[in-house]
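A look at the structure
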Amino acid sequence: MDSRYLQDKEDLKKSADVVDEERRTFLTAGLVGGAVAAGALAAGVAHAQQQVAQTPALSDKPWWPHPRWGKDDQAGASNWITPAKVLDAAKLIKDGKIYRIGRVYEAAMPKFGERAFTLRIPGTPTGGPFGANKLIYHDEFLATEIGQTGTQFDGLAHIGIQMGKDGDMNEMRWYNGLTELEIAGPYGMKKLGMEHVKPFFTRGHLFDIEALKGRMLEAGEEIKVADLRAALQKQNMQEADVKEGDAVFFNTGWGKLWMKNNDKYNGGEPGIGLEVAKWCVDKGVCLTGGDCWATEVVPNPDKNLAFPVHGELITKHGIFNHENLVFDDLIADRKYQFAYIFSPAPIKGATGSNGGPIAVT
Ligand code: UVW
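Residues numbered from 1 in each chain as written. Predicted model: local features only at pLDDT ≥ 70, side-chain atom pairs only at ≥ 80, totals over all residues. Heavy atoms only, no water.

1. Considering the packing of aromatic side chains
The condition is simple: Side-chain rings of Phe, Tyr and Trp (the six-membered ring for Trp) are treated as a pair once their centres are within 6.5 Å; stacked means planes under 30 degrees apart, edge-to-face means over 60, and tilted covers the remaining angles. Put simply, DSSP H or I for four residues or longer makes a helix, DSSP E for two residues or longer makes a strand, and each gets a number counted from the N terminus. Note on geometry: a ring has a charge over it if NZ (lysine) or CZ (arginine) is within 6 Å of the ring centre and within 35 degrees of the ring normal.
Here the structure, examined in full by the defined rule, presents 18 aromatic pairs. Relative to Phe250, the ring of Phe207 has its centre 5.7 Å away and its plane inclined at 20°; by these criteria the two rings are stacked. One end of the pair, Phe207, is in strand β9 (residues 200-208); the other, Phe250, is in strand β11 (residues 247-251), with 43 residues separating them in the sequence. Ring pairing ties together the aromatic residues Phe153, Phe200, Phe249, Phe320, Phe327, Phe338, Tyr340 and Phe342, which thus form one cluster. Looking at Arg68, its charged tip hangs above the ring of Trp69, at a distance of 5.7 Å from the centre.

2. Brief notes about the sheet that holds strand β14 (residues 320-323)
Whenever strands of a sheet pair, they do so through backbone hydrogen bonds, lying parallel or antiparallel. Operational definition: Pairing between strands is defined by DSSP: at least two bridges between them are needed. Throughout, a contact is declared for two residues whenever any of their heavy atoms are within 4.5 Å. Axis lines are fitted through C-alpha atoms, for helices just across the contact stretch, and the angle between N-to-C directions can take any value from 0 to 180 degrees.
With respect to topology, nine strands assemble into an open sheet ordered β1-β17-β15-β9-β11-β13-β14-β6-β16, the strand pairing being mixed. Pairing within the sheet leaves two strands with one partner each, and these edge strands are β1 (98-100) and β16 (352-353). For strand β6 (residues 152-154) and β16, the ladder comprises two bridges, and the chain directions are antiparallel. Each residue of the ladder has a partner; that of Asp154, found in β16, is Gly352. Contacting β6, β13 (287-290) and β14, helix α10 (residues 308-317) runs over the sheet at an angle of about 130° to β14.

3. Description of the site of the ligand
Keep this limit in mind: A molecule or strand has a residue near it when one of that residue's heavy atoms lies within 4 Å. Polar contact criterion, stated in full: a pair of N or O atoms within 3.5 Å, where within protein one must be able to donate a hydrogen and the other to accept it, and residues adjacent in sequence count only if both atoms are side-chain atoms. Gly is put with the polar residues, along with every residue not named as nonpolar or charged; the nonpolar set is Ala, Val, Leu, Ile, Met, Phe, Trp, Tyr, Cys and Pro, and the charged set is Asp, Glu, Lys and Arg.
Residues in contact with the ligand, as listed here, are Phe112, Arg115, Gln148, Gln152, Asp154, His158, Trp293, Ala294, Phe307, His310 and Glu323. Between an oxygen atom of the ligand and a main-chain N or O atom of Trp293, the distance comes to 2.8 Å. Measuring from an oxygen atom of the ligand, one finds a side-chain N or O atom of His310 at 2.9 Å. Partitioning the shell around the ligand into residue classes produces four nonpolar, four polar and three charged.

4. Notes on the pairing of strand β3 (residues 127-130)
Sheet analysis places β3 next to strand β4 (residues 135-137), joined by two bridges and oriented antiparallel. The partner of Gly127 across the bridge, within β4, is Tyr137. The loop that links β3 with its antiparallel partner β4 comprises four residues; one of these, Gly131, has a positive phi angle of about 70°.

5. Structural notes on the nonpolar core
Counted only if it meets this: Nonpolar cores are built from buried Ala, Val, Leu, Ile, Met, Phe, Trp, Tyr and Cys residues. Side-chain atoms within 4.5 Å join them into one set. Think of it in three bands: residues with accessible area under 20% of the maximum for their type are buried, residues over 50% are exposed, and the middle band is partly exposed, with areas taken using a 1.4 Å probe on protein chains only.
Counting residues in hydrophobic clusters, the biggest one holds 60 residues, and the most contacted among them are Phe153, Phe200, Phe207, Phe249, Leu287 and Tyr340. Top element by residues in this core is helix α9 (residues 274-283). It accounts for six residues.

What follows is the structure in structure tokens.
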């Protein structure tokens, strides 16, 4: 897989220059509006500063057209899901056990920034009785960022990179180089919407980094490729077994804070950085996922960068990201390889999807 966009230290310096002041302020003053736990963020930043800036860098070079899927593609790495891939994934199903790896959706769950999740049942019951049999029914009314709250699948219209001046919509670039002008629409994205993403039925590999370290990772603590290799060894798995089109998942222990300490949960997180992102690109995975709200380390060890893994994987390579997952039952059963099954809600023009992903073993 082409990894030319994850460059060396030279580019790291260059990319730091193009990071604007707004983004710096965002990172240092607080990530998510009022919702940041300042202590956790400060701890993450301090930890990050101890780390050597040896990660591959963001490149400001154009990343389009996609070298494998072509200039008109809007399905990204979901194109890996072919009949052959499904049959290969099905070989991992041995005992027929289904594990829910998505969270329950509820108002009290942690949410990024000012996102909302408000469920109302209009009337109790909503309607009826109908007919001689006096049928009654309930509906629900849900006000939320439907693809970006709770367990959420990031689509290709979710993350882009501003390459020109503030407000220049011709230089806000998305997957396959599409511009903000080309894709944005008030009633849904005109391109890269969730209706283009194919359903996933693929091989899933779970890296239990929490077990490797013997503790929950800290906010700002980056998972390195060496950690992945050590986890594979501990779990009796082979790196070569992660194939093109597979999905990879990272357990950090951060999910233990879910609805127990939402401020800490939201105030940063451990996760993968650009080094593991490059590994994912080289491997040609279709999707990353984790037990945190971004899958990637926040704050990034390079404090000038905001969510660079999102940009590298989603925007530049069309690799999807599944957030706020839960792996406890899989880990309890020592199941680290499974069929990952998820059909994103095909809401036309949406940027992401909620839903109930499963792992089947
Ligand atoms: C952002 O939306 C910035 O992050 P996430 O994909 O983690 O919700």
